[in-house]
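A structural walkthrough
Single-letter residue listing:
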Amino acid sequence: MKLQRNNGLRATALAALAVSGALVLTACGSDNNAGDTTGGTGDKTAAASDIKCDGAKGQLLAAGSSAQKNAMDLWVKEFQAACSGVEINYQPIGSGGGITKFNQGQVAFAGSDSALKPEEVEESKKLSNGGQGINLPMLGGPIAIGYNLSGVDNLVLDAPTVAKIFDSKITKWNDPAIAKLNPGVKLPSSTIQPYHRSDESGTTQNLGKYLSEAAPAEWKHDPKSKSWLAPGGQAANGSSGVATGVKGAEGTIGYFELSYATAQKINTVKIDTGAGAPVEATSENASKAIAAAKIKGTGKDLALSLDYTTKAEGAYPIILVTYEIVLDKGNKAETLPTLKAFLNYTASEEGQKVLTDAGYAPLPAEIAAKVREIVPTLS
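Just so we're clear, the structure is a prediction, and the values are computed from it rather than from any experiment.

Taken as a whole, the largest pocket spans an internal volume of roughly 530 Å³. Every residue lining the largest pocket is counted, 26 residues in all, and those nearest its centre are Ala115, Leu116, Lys209, Lys296 and Leu304. Every element with two or more residues in the lining of the largest pocket is listed here: α3 (118-124), α6 (202-214), β12 (304-305) and β13 (319-327). Element by element, the count of residues in the lining of the largest pocket is highest for α6, at 4 residues. In terms of residue class, the lining of the largest pocket is built from 10 nonpolar, 8 polar and 8 charged.

A few words on the confidence of the model for the chain. Looking at the chain, pLDDT values average 88 and 87% of them are 70 or higher. Note that residues 1-48 has pLDDT below 50 and, in this model, 123 contacts with residues that lie over four places away or in other chains.

An α-helical turn contains 3.6 residues, so a residue and the one three or four places further along point in the same direction. When you tally the buried positions in helix α4 (residues 159-166), you get 6 out of 8 residues, the bulk of the element. Within α4, burial applies to Ala159, Thr161, Val162, Ala163, Ile165 and Phe166. Ser168, located one to two residues past α4, shows a positive phi value of around 60 degrees.

Okay, the pattern of salt bridges next. When charged atoms on two side chains of opposite charge get close, those side chains can pair. Counting across every chain of the model gives 7 salt bridges. One salt bridge in this structure joins Glu123 and Lys126, with 3.3 Å as the shortest N-O distance.

So, on to the nonpolar core. Membership of the largest hydrophobic core comes to 70 residues, with the highest contact counts inside it found for Ile145, Leu155, Ile178 and Ile253. Not counting chain neighbours up to four residues away, the residues in contact with Leu155 comprise Tyr147, Trp173, Ile178, Asn182, Leu187, Val269 and Lys270. By size, the runner-up hydrophobic cluster in this structure holds 41 residues, among which are Leu139, Leu339, Leu343 and Leu355.

Right, let's get into empty space enclosed by the protein. Applying the stated criterion across every chain, the model contains 2 cavities of 30 Å³ or more. Estimated volume of the largest cavity: approximately 80 Å³. Thr204, Leu207, Gly208, Trp219, His221, Asp222, Pro223, Ser225, Ser227, Trp228, Leu229 and Ala230 together form the lining of the largest cavity. Here the residues of the lining of the largest cavity are counted per class, giving 6 nonpolar, 5 polar and 1 charged. Together, Leu139, Gly140, Gly141, Pro142, Glu257, Leu258, Leu320, Gly359 and Tyr360 line the second largest cavity. The element contributing the most residues to the lining of the second largest cavity is strand β4 (residues 133-148), with 4 residues. Its residues placed into classes, the lining of the second largest cavity shows 5 nonpolar, 3 polar and 1 charged.

Calculation rules
- Residues numbered from 1 in each chain as written.
- Predicted model: local features only at pLDDT ≥ 70, side-chain atom pairs only at ≥ 80, totals over all residues.
- Heavy atoms only, no water.
- 1 Å grid on protein atoms, 1.4 Å probe; cavity = no way out; pocket = protein on both sides within 12 Å on 5 of 7 lines; lining within 4 Å.
- Points joined across faces, edges and corners; volume = space filled by probe spheres on them.
- Helix = DSSP H or I, 4+ residues; strand = E, 2+ residues; numbered from the N terminus.
- Nonpolar A, V, L, I, M, F, W, Y, C, P; charged D, E, K, R; others polar.
- pLDDT = per-residue confidence, 0-100.
- Contact = heavy atoms within 4.5 Å.
- Buried < 20%, exposed > 50% of the residue type's maximum accessible area, 1.4 Å probe, protein only.
- Salt bridge = Lys/Arg side-chain N within 4 Å of Asp/Glu carboxyl O.
- Core = buried A, V, L, I, M, F, W, Y, C linked by side-chain atoms within 4.5 Å.

This is how it looks when you write it as C-alpha coordinates:
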(Lines give C-alpha, C1' and ligand atoms only; values in the text may rest on other atoms or scores of the structure.)
Protein backbone atom coordinates (compact mmCIF):
# COMPACT_ATOMS: atom_id res chain seq x y z
CA MET A 1 0.00 0.00 0.00
CA LYS A 2 1.15 3.45 -0.79
CA LEU A 3 1.11 5.58 2.35
CA GLN A 4 0.80 9.32 2.05
CA ARG A 5 2.55 11.30 4.73
CA ASN A 6 0.32 13.67 6.61
CA ASN A 7 2.51 16.22 8.32
CA GLY A 8 -0.50 18.09 9.68
CA LEU A 9 -1.53 15.29 12.00
CA ARG A 10 0.66 14.24 14.86
CA ALA A 11 -0.03 11.31 17.13
CA THR A 12 -1.37 12.53 20.45
CA ALA A 13 0.78 11.66 23.46
CA LEU A 14 -1.40 11.40 26.53
CA ALA A 15 -0.13 11.63 30.03
CA ALA A 16 -0.47 8.18 31.73
CA LEU A 17 -2.96 5.42 31.78
CA ALA A 18 -5.92 7.64 32.62
CA VAL A 19 -9.05 8.09 30.59
CA SER A 20 -8.46 10.57 27.84
CA GLY A 21 -11.17 12.98 26.96
CA ALA A 22 -12.84 13.86 23.72
CA LEU A 23 -11.02 15.61 20.91
CA VAL A 24 -11.34 18.92 22.70
CA LEU A 25 -10.87 17.65 26.24
CA THR A 26 -8.02 15.54 27.61
CA ALA A 27 -7.84 14.21 31.14
CA CYS A 28 -4.22 14.24 32.26
CA GLY A 29 -2.46 12.11 34.84
CA SER A 30 1.09 11.30 35.81
CA ASP A 31 3.65 10.92 33.06
CA ASN A 32 6.06 8.11 33.76
CA ASN A 33 8.37 7.49 30.82
CA ALA A 34 11.40 6.78 32.96
CA GLY A 35 13.95 4.27 31.81
CA ASP A 36 16.40 3.88 28.97
CA THR A 37 15.10 3.02 25.54
CA THR A 38 16.65 1.18 22.68
CA GLY A 39 16.51 2.35 19.11
CA GLY A 40 13.71 1.58 16.70
CA THR A 41 15.34 -1.74 15.82
CA GLY A 42 15.84 -2.92 19.38
CA ASP A 43 13.99 -5.76 21.03
CA LYS A 44 12.95 -4.02 24.25
CA THR A 45 12.91 -0.62 25.84
CA ALA A 46 12.23 0.72 29.30
CA ALA A 47 12.85 -1.78 32.06
CA ALA A 48 9.19 -1.60 33.05
CA SER A 49 8.03 -2.38 29.52
CA ASP A 50 7.88 -5.62 27.54
CA ILE A 51 7.17 -3.87 24.25
CA LYS A 52 9.19 -5.40 21.41
CA CYS A 53 10.07 -3.01 18.61
CA ASP A 54 11.22 -5.74 16.21
CA GLY A 55 12.56 -3.43 13.50
CA ALA A 56 9.84 -0.80 13.82
CA LYS A 57 10.89 2.52 12.32
CA GLY A 58 9.54 5.59 10.58
CA GLN A 59 5.94 6.68 10.19
CA LEU A 60 2.82 4.51 10.13
CA LEU A 61 -0.50 6.00 9.02
CA ALA A 62 -3.84 4.66 10.20
CA ALA A 63 -7.42 5.94 10.41
CA GLY A 64 -10.91 4.98 11.42
CA SER A 65 -13.02 4.42 14.51
CA SER A 66 -13.32 7.33 16.91
CA ALA A 67 -14.59 4.77 19.43
CA GLN A 68 -11.05 3.51 19.92
CA LYS A 69 -9.40 6.93 19.82
CA ASN A 70 -8.82 7.09 23.56
CA ALA A 71 -7.34 3.58 23.62
CA MET A 72 -5.24 4.31 20.54
CA ASP A 73 -3.83 7.43 22.22
CA LEU A 74 -2.62 5.30 25.12
CA TRP A 75 -1.19 2.59 22.87
CA VAL A 76 0.59 5.09 20.64
CA LYS A 77 2.07 6.91 23.63
CA GLU A 78 3.48 3.74 25.13
CA PHE A 79 4.73 2.30 21.84
CA GLN A 80 6.44 5.50 20.72
CA ALA A 81 8.08 5.87 24.12
CA ALA A 82 9.42 2.34 23.76
CA CYS A 83 10.50 2.51 20.13
CA SER A 84 12.48 5.65 19.32
CA GLY A 85 12.16 7.05 15.83
CA VAL A 86 8.68 5.59 15.34
CA GLU A 87 5.68 7.80 14.65
CA ILE A 88 2.16 6.39 14.46
CA ASN A 89 -0.48 8.78 13.17
CA TYR A 90 -4.04 7.64 13.81
CA GLN A 91 -6.89 9.76 12.43
CA PRO A 92 -10.19 9.20 14.33
CA ILE A 93 -12.41 9.95 11.31
CA GLY A 94 -14.99 7.21 11.86
CA SER A 95 -15.11 3.58 10.80
CA GLY A 96 -16.50 4.28 7.34
CA GLY A 97 -13.84 6.85 6.57
CA GLY A 98 -11.10 4.56 7.82
CA ILE A 99 -12.22 1.66 5.63
CA THR A 100 -12.36 3.99 2.63
CA LYS A 101 -8.79 5.17 3.24
CA PHE A 102 -7.64 1.59 3.77
CA ASN A 103 -9.16 0.37 0.52
CA GLN A 104 -7.63 3.33 -1.29
CA GLY A 105 -4.20 2.32 -0.02
CA GLN A 106 -3.74 5.48 2.04
CA VAL A 107 -3.26 3.85 5.46
CA ALA A 108 -1.54 0.72 6.77
CA PHE A 109 -4.54 -0.28 8.85
CA ALA A 110 -8.04 0.92 9.61
CA GLY A 111 -9.95 0.86 12.87
CA SER A 112 -13.58 -0.19 12.54
CA ASP A 113 -16.34 -0.94 15.03
CA SER A 114 -17.81 -3.44 12.60
CA ALA A 115 -16.29 -6.11 10.42
CA LEU A 116 -15.67 -5.57 6.71
CA LYS A 117 -18.67 -6.13 4.47
CA PRO A 118 -18.23 -8.69 1.63
CA GLU A 119 -18.02 -5.91 -0.94
CA GLU A 120 -15.35 -4.15 1.15
CA VAL A 121 -13.33 -7.36 1.30
CA GLU A 122 -13.54 -7.63 -2.49
CA GLU A 123 -12.37 -4.04 -2.83
CA SER A 124 -9.41 -4.72 -0.56
CA LYS A 125 -8.20 -7.51 -2.85
CA LYS A 126 -7.20 -4.87 -5.40
CA LEU A 127 -4.44 -3.75 -3.01
CA SER A 128 -2.63 -7.06 -2.97
CA ASN A 129 -1.85 -9.89 -5.35
CA GLY A 130 -3.60 -12.74 -3.60
CA GLY A 131 -4.19 -10.95 -0.30
CA GLN A 132 -7.22 -9.30 1.25
CA GLY A 133 -8.39 -7.30 4.22
CA ILE A 134 -9.00 -9.23 7.43
CA ASN A 135 -10.62 -8.26 10.72
CA LEU A 136 -8.52 -8.48 13.88
CA PRO A 137 -10.55 -7.71 17.02
CA MET A 138 -8.49 -5.54 19.36
CA LEU A 139 -10.75 -4.13 22.06
CA GLY A 140 -14.32 -4.12 23.26
CA GLY A 141 -16.46 -1.88 25.34
CA PRO A 142 -19.87 -0.53 26.20
CA ILE A 143 -21.72 2.01 24.12
CA ALA A 144 -23.01 4.29 26.84
CA ILE A 145 -26.32 6.09 26.52
CA GLY A 146 -25.43 9.42 28.09
CA TYR A 147 -27.95 12.04 29.17
CA ASN A 148 -28.12 15.52 30.70
CA LEU A 149 -31.16 15.96 32.93
CA SER A 150 -31.02 18.11 36.04
CA GLY A 151 -32.09 16.32 39.20
CA VAL A 152 -32.01 12.87 37.62
CA ASP A 153 -28.82 11.01 38.45
CA ASN A 154 -30.16 7.48 38.03
CA LEU A 155 -32.11 6.71 34.87
CA VAL A 156 -33.24 3.29 33.66
CA LEU A 157 -34.36 2.56 30.11
CA ASP A 158 -35.00 -0.62 28.15
CA ALA A 159 -34.43 -1.39 24.49
CA PRO A 160 -37.95 -0.47 23.25
CA THR A 161 -37.81 2.86 25.08
CA VAL A 162 -34.33 3.69 23.79
CA ALA A 163 -35.51 2.85 20.28
CA LYS A 164 -38.55 5.12 20.53
CA ILE A 165 -36.50 7.99 21.93
CA PHE A 166 -33.95 7.89 19.12
CA ASP A 167 -36.71 7.33 16.56
CA SER A 168 -38.50 10.50 17.78
CA LYS A 169 -41.55 8.52 18.93
CA ILE A 170 -41.02 9.37 22.60
CA THR A 171 -40.41 13.10 22.86
CA LYS A 172 -41.00 14.04 26.51
CA TRP A 173 -38.93 13.07 29.52
CA ASN A 174 -42.03 12.27 31.59
CA ASP A 175 -43.45 9.93 28.95
CA PRO A 176 -45.32 7.04 30.63
CA ALA A 177 -42.90 4.48 29.22
CA ILE A 178 -39.94 6.25 30.88
CA ALA A 179 -41.89 6.88 34.10
CA LYS A 180 -42.82 3.19 34.37
CA LEU A 181 -39.14 2.21 34.30
CA ASN A 182 -38.23 4.87 36.89
CA PRO A 183 -40.76 4.73 39.75
CA GLY A 184 -40.30 7.48 42.30
CA VAL A 185 -38.09 9.57 39.99
CA LYS A 186 -39.34 13.10 39.32
CA LEU A 187 -39.14 13.45 35.55
CA PRO A 188 -39.63 16.85 33.91
CA SER A 189 -42.12 17.46 31.12
CA SER A 190 -39.43 19.00 28.94
CA THR A 191 -38.63 17.88 25.41
CA ILE A 192 -36.01 15.21 24.82
CA GLN A 193 -33.17 16.32 22.55
CA PRO A 194 -31.50 13.22 21.08
CA TYR A 195 -28.04 13.46 19.51
CA HIS A 196 -26.65 11.09 16.88
CA ARG A 197 -23.53 10.78 14.74
CA SER A 198 -23.32 12.76 11.50
CA ASP A 199 -20.46 10.66 10.10
CA GLU A 200 -20.47 7.00 9.10
CA SER A 201 -19.87 5.17 12.33
CA GLY A 202 -19.46 1.63 13.60
CA THR A 203 -20.82 2.91 16.91
CA THR A 204 -24.03 3.87 15.14
CA GLN A 205 -24.11 0.48 13.45
CA ASN A 206 -23.64 -1.43 16.72
CA LEU A 207 -26.35 0.60 18.44
CA GLY A 208 -28.60 -0.17 15.46
CA LYS A 209 -27.83 -3.89 15.72
CA TYR A 210 -28.68 -3.84 19.42
CA LEU A 211 -31.97 -2.03 18.88
CA SER A 212 -32.86 -4.19 15.88
CA GLU A 213 -32.33 -7.41 17.85
CA ALA A 214 -33.50 -6.32 21.30
CA ALA A 215 -36.46 -4.16 20.14
CA PRO A 216 -37.38 -5.38 16.64
CA ALA A 217 -40.96 -4.10 16.86
CA GLU A 218 -39.79 -0.57 17.65
CA TRP A 219 -36.63 -0.26 15.50
CA LYS A 220 -37.20 -0.85 11.79
CA HIS A 221 -34.06 0.78 10.39
CA ASP A 222 -31.35 -1.16 8.58
CA PRO A 223 -28.98 -2.49 11.29
CA LYS A 224 -26.16 -2.85 8.74
CA SER A 225 -25.99 0.88 8.06
CA LYS A 226 -23.14 2.93 9.49
CA SER A 227 -25.17 6.08 8.75
CA TRP A 228 -27.90 7.35 11.06
CA LEU A 229 -31.29 6.61 9.48
CA ALA A 230 -33.86 7.60 12.12
CA PRO A 231 -35.72 10.91 11.76
CA GLY A 232 -35.21 13.99 13.92
CA GLY A 233 -32.57 14.67 16.50
CA GLN A 234 -29.34 16.65 16.23
CA ALA A 235 -26.20 15.42 14.49
CA ALA A 236 -22.60 15.82 15.57
CA ASN A 237 -19.32 14.54 14.20
CA GLY A 238 -17.59 11.73 16.03
CA SER A 239 -18.18 10.35 19.49
CA SER A 240 -16.51 13.45 20.88
CA GLY A 241 -19.00 15.70 19.09
CA VAL A 242 -22.00 13.78 20.39
CA ALA A 243 -20.61 13.77 23.93
CA THR A 244 -19.90 17.51 23.76
CA GLY A 245 -23.44 18.14 22.54
CA VAL A 246 -24.98 16.15 25.38
CA LYS A 247 -22.72 17.75 27.98
CA GLY A 248 -23.54 21.25 26.75
CA ALA A 249 -27.34 21.25 26.82
CA GLU A 250 -30.09 20.33 29.26
CA GLY A 251 -32.52 17.59 28.23
CA THR A 252 -30.15 15.88 25.80
CA ILE A 253 -29.39 12.21 25.25
CA GLY A 254 -26.83 10.54 22.98
CA TYR A 255 -24.62 7.50 22.49
CA PHE A 256 -20.84 7.20 22.67
CA GLU A 257 -18.14 5.05 24.18
CA LEU A 258 -17.90 5.00 27.96
CA SER A 259 -14.54 6.81 27.99
CA TYR A 260 -16.21 9.95 26.63
CA ALA A 261 -18.88 9.84 29.32
CA THR A 262 -16.26 9.32 32.01
CA ALA A 263 -14.02 12.13 30.81
CA GLN A 264 -16.86 14.67 30.62
CA LYS A 265 -18.70 13.40 33.73
CA ILE A 266 -21.88 12.61 31.80
CA ASN A 267 -24.53 10.46 33.49
CA THR A 268 -25.23 7.18 31.73
CA VAL A 269 -28.40 5.12 31.45
CA LYS A 270 -28.78 1.73 33.11
CA ILE A 271 -30.35 -0.82 30.79
CA ASP A 272 -33.23 -3.07 31.85
CA THR A 273 -32.39 -6.28 29.99
CA GLY A 274 -34.90 -8.47 31.78
CA ALA A 275 -32.24 -9.67 34.21
CA GLY A 276 -32.68 -9.33 37.96
CA ALA A 277 -31.48 -5.72 38.02
CA PRO A 278 -30.81 -2.96 35.48
CA VAL A 279 -27.23 -3.07 34.18
CA GLU A 280 -24.81 -0.16 34.29
CA ALA A 281 -22.45 0.68 31.44
CA THR A 282 -19.05 -0.41 32.77
CA SER A 283 -16.12 -2.14 31.12
CA GLU A 284 -16.58 -5.09 33.47
CA ASN A 285 -20.26 -5.46 32.56
CA ALA A 286 -19.47 -5.14 28.87
CA SER A 287 -16.86 -7.88 29.25
CA LYS A 288 -19.55 -10.23 30.51
CA ALA A 289 -21.48 -9.75 27.29
CA ILE A 290 -18.43 -9.82 25.00
CA ALA A 291 -17.27 -13.08 26.59
CA ALA A 292 -20.13 -14.79 24.75
CA ALA A 293 -18.86 -13.62 21.34
CA LYS A 294 -18.25 -16.28 18.70
CA ILE A 295 -15.77 -16.14 15.83
CA LYS A 296 -17.67 -16.14 12.55
CA GLY A 297 -14.73 -15.29 10.26
CA THR A 298 -12.76 -17.96 8.42
CA GLY A 299 -9.04 -18.47 7.99
CA LYS A 300 -7.11 -15.52 9.38
CA ASP A 301 -10.25 -13.40 9.59
CA LEU A 302 -11.50 -13.10 13.19
CA ALA A 303 -14.81 -11.27 12.71
CA LEU A 304 -17.05 -11.88 15.73
CA SER A 305 -20.74 -12.49 16.29
CA LEU A 306 -22.04 -10.60 19.36
CA ASP A 307 -25.11 -11.37 21.48
CA TYR A 308 -27.04 -8.11 21.89
CA THR A 309 -30.03 -9.78 23.53
CA THR A 310 -28.26 -11.26 26.54
CA LYS A 311 -30.18 -11.41 29.80
CA ALA A 312 -27.23 -12.68 31.83
CA GLU A 313 -26.91 -11.03 35.21
CA GLY A 314 -24.66 -8.00 35.07
CA ALA A 315 -24.07 -8.26 31.30
CA TYR A 316 -24.35 -4.87 29.57
CA PRO A 317 -25.84 -5.52 26.13
CA ILE A 318 -24.99 -2.38 24.09
CA ILE A 319 -21.48 -3.39 23.14
CA LEU A 320 -19.02 -3.06 20.33
CA VAL A 321 -15.78 -4.69 19.33
CA THR A 322 -13.30 -2.60 17.40
CA TYR A 323 -11.24 -4.31 14.74
CA GLU A 324 -7.92 -3.34 13.25
CA ILE A 325 -8.31 -4.08 9.55
CA VAL A 326 -5.13 -5.14 7.78
CA LEU A 327 -4.02 -7.00 4.68
CA ASP A 328 -3.13 -10.61 5.37
CA LYS A 329 -0.41 -10.28 2.71
CA GLY A 330 0.85 -7.68 0.29
CA ASN A 331 1.67 -5.03 2.90
CA LYS A 332 4.27 -2.42 2.02
CA ALA A 333 7.71 -3.74 2.95
CA GLU A 334 9.01 -0.57 4.59
CA THR A 335 6.05 -0.28 6.99
CA LEU A 336 5.33 -3.96 7.63
CA PRO A 337 7.75 -4.31 10.60
CA THR A 338 6.18 -1.30 12.33
CA LEU A 339 2.65 -2.54 11.61
CA LYS A 340 3.37 -5.97 13.07
CA ALA A 341 5.27 -4.66 16.09
CA PHE A 342 2.52 -2.20 16.97
CA LEU A 343 -0.30 -4.73 16.60
CA ASN A 344 1.72 -7.31 18.52
CA TYR A 345 1.84 -4.78 21.37
CA THR A 346 -1.85 -3.80 21.28
CA ALA A 347 -2.89 -7.47 21.35
CA SER A 348 -0.39 -8.37 24.06
CA GLU A 349 -1.29 -8.82 27.70
CA GLU A 350 0.49 -5.54 28.42
CA GLY A 351 -1.44 -3.70 25.72
CA GLN A 352 -4.76 -5.13 26.79
CA LYS A 353 -4.18 -4.24 30.45
CA VAL A 354 -4.37 -0.50 29.75
CA LEU A 355 -7.93 -0.78 28.43
CA THR A 356 -9.98 -1.23 31.60
CA ASP A 357 -8.78 2.01 33.20
CA ALA A 358 -9.70 3.79 29.97
CA GLY A 359 -13.30 2.55 30.01
CA TYR A 360 -12.81 -0.28 27.52
CA ALA A 361 -13.14 -4.04 27.82
CA PRO A 362 -10.09 -6.19 27.06
CA LEU A 363 -10.58 -9.02 24.60
CA PRO A 364 -11.54 -12.42 25.98
CA ALA A 365 -8.29 -14.33 26.53
CA GLU A 366 -8.90 -16.95 23.86
CA ILE A 367 -9.69 -14.35 21.19
CA ALA A 368 -6.66 -12.23 22.11
CA ALA A 369 -4.53 -15.36 21.82
CA LYS A 370 -5.78 -15.96 18.28
CA VAL A 371 -4.96 -12.36 17.32
CA ARG A 372 -1.45 -12.83 18.68
CA GLU A 373 -1.07 -15.94 16.50
CA ILE A 374 -2.10 -14.15 13.31
CA VAL A 375 -0.24 -10.82 13.54
CA PRO A 376 3.24 -12.37 13.10
CA THR A 377 2.02 -14.08 9.89
CA LEU A 378 1.18 -10.82 8.14
CA SER A 379 3.33 -10.34 5.08
